[in-house]
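What the coordinates show
Residue strings, one per chain:
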Amino acid sequence: MTARIAKQRVEFDRGFAAADVNGDGGIDRNEAKIHEALVEHFDKLDTDKDGKLSRREMTAALLAAMQQGNVAAGG
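The notes below deal with the structure included here. Counting from 1, residues in each chain are numbered in the order their sequence is written. Note on the predicted model: pLDDT of at least 70 is required for a residue's local features to be given, and 80 or more for side-chain atom pairs to be given and counted; whole-chain, interface and lining totals, by contrast, use all residues. With hydrogens and water stripped out, all remaining heavy atoms of the structure feed into the side-chain values.

A look at the packing of helix α1 (residues 2-19) against helix α3 (residues 55-67)
In this analysis an axis means a line fitted to C-alpha atoms, helices contributing only their contacting stretch, and an angle means the value between N-to-C directions, from 0 to 180 degrees. Labels follow the DSSP assignment, with helices taken as runs of H or I lasting at least four residues and strands as runs of E lasting at least two, numbered in each case from the N terminus. Running from N to C, α1 and α3 point in directions that differ by 130°, and their axes come no closer than 12 Å. Here α3 runs oblique to α1, going by the angle between their axes. In terms of crossing hand, the pair formed by α1 and α3 is right-handed. Contacts between α1 and α3 involve Arg-9, Phe-12, Asp-13 and Phe-16 from the former and Arg-55, Met-58, Thr-59 and Leu-62 from the latter. Grouping the constituent residues of the contact of α1 with α3 by class yields four nonpolar, one polar and three charged. Every angle not falling under 35 degrees, over 145, or within 65 to 115 is termed oblique; those three ranges are roughly parallel, roughly antiparallel and roughly perpendicular. Handedness of a crossing follows from how the near helix is turned relative to the far one, being left-handed for an anticlockwise turn of less than a right angle and right-handed for a clockwise one. Should any heavy atoms of two residues lie within 4.5 Å, those residues are considered in contact. Polar here means any residue other than Ala, Val, Leu, Ile, Met, Phe, Trp, Tyr, Cys and Pro, which are nonpolar, and Asp, Glu, Lys and Arg, which are charged; Gly is therefore polar.

Pasting the structure below:
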């Protein structure tokens, strides 16, 4: 289980880094265009309304989706 979680964390970090083109630690609306779901749900995901999706916001959204069964837990 721990190895699976570590793998998921690495994949999450890679995906976040790929989307965060300017390297400022957040995904803005322009960078969100890398994935249709980010664009579609940007306002909901941006819980602090600063115009960027932080790692914290993205992690919270992913965990919530997993709990609702909307995202596979991986394996």
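What about the pattern of salt bridges?
When the charged atoms of two side chains with opposite charge come close together, those side chains can pair. By definition here, a salt bridge exists when the distance from a side-chain nitrogen of Lys or Arg to a carboxyl oxygen of Asp or Glu is within 4 Å. On inspection of all chains with the given rule, the structure shows five salt bridges. For Arg-9, the salt bridge identified is with Asp-13, shortest N-O distance 3.7 Å. Of the two residues, Arg-9 and Asp-13 both sit in helix α1, four residues apart, roughly one turn of that helix. Taking the relative accessible area as the measure of exposure, Arg-9 reaches 40% and is therefore partly exposed. The buried label goes to any residue with under 20% of its type's maximum accessible area, the exposed label to any with over 50%, and the partly exposed label to all in between, with areas taken from a 1.4 Å probe on protein chains only. For Asp-13, a relative accessible area of 29% corresponds to the partly exposed category. For the salt bridge of Asp-43 with Arg-29, the shortest nitrogen-to-oxygen distance reads 2.2 Å. Within this pair, whereas Asp-43 is found in helix α2 (residues 36-45), its partner Arg-29 is found in the loop between β1 (26-28) and α2, the two being separated by 14 residues in sequence. Its relative accessible area of 46% is what places Asp-43 among the partly exposed residues. Given the relative accessible area of 46%, Arg-29 is considered partly exposed.

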